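# Inside the fold
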Amino acid sequence: MRIAVLGATGTVGRALVPLLAQHHDVVAISRRPGARAHGVRWAQADATDTASMERAFEGIDVAYY
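Note that the coordinates shown come from a computational prediction; the quantities given were computed from them, not determined experimentally.

## Structural notes on the sheet that holds strand β1 (residues 2-6)
Here four strands make up an open sheet; going across it, the order is β3-β2-β1-β4 and the pairing parallel. Strand pairing shows two members of the sheet lacking a second neighbour, β3 (40-44) and β4 (62-64), which therefore form its edges. Across the sheet, the axes of successive neighbouring strands diverge by a mean angle of 25°, strand direction being ignored. On the sheet, helix α1 (residues 11-21) packs against β1, β2 (25-30), β3 and β4 and is oriented at approximately 170° with respect to β1.

## Focus: the pairing of β1
β1 sits mainly inside the fold: four of its five residues count as buried. Strand direction decides the pairing type here: β1 and β2, joined by five bridges, are parallel. Its bridge partner lying in β2, Ile-3 is registered against Val-26. This β-α-β element, β1 to α1 to β2, shows right-handed connectivity. Inspection of the sheet shows β1 paired to β4 by three bridges, in the parallel sense. Pairing of Ala-4 across the sheet is with Ala-63, part of β4.

## Things to note about the environment of Ala-56
Structurally, Ala-56 is set in helix α2 (residues 50-56). Ala-56 sits 14 residues away from Trp-42 along the chain, and the two C-alpha atoms are 8.8 Å apart. Beyond its immediate chain neighbours, meaning those up to four positions away, Ala-56 contacts Val-27, Ile-29, Arg-41, Ala-43 and Ala-45.

Here is what the cut-offs are and how they apply
Residues numbered from 1 in each chain as written. Predicted model: local features only at pLDDT ≥ 70, side-chain atom pairs only at ≥ 80, totals over all residues. Heavy atoms only, no water. Pairing = 2+ DSSP bridges. Helix = DSSP H or I, 4+ residues; strand = E, 2+ residues; numbered from the N terminus. Axes fitted to C-alpha atoms, helices over the stretch in contact; angles between N-to-C directions. Contact = heavy atoms within 4.5 Å. Buried < 20%, exposed > 50% of the residue type's maximum accessible area, 1.4 Å probe, protein only. Right-handed = clockwise from strand over helix to strand, strands pointing away.

It is worth stressing that arrangement in space is one thing and function is another; only the former is reported here.
Right, here's the structure in full:
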């Protein structure tokens, strides 16, 4: 399953990304670059920019916000 985590550099996102990455393909989405983690793909996107969000959500099954 491919999971997106919006706000991946925030308090909740930083805790959630590594836990989900243990069992799923994770795309961490943030407005600013985050710390790279093994097995996690990072996407820089802003919720107010439709084009960046469409690119980030390509192939995503589930999203956490």
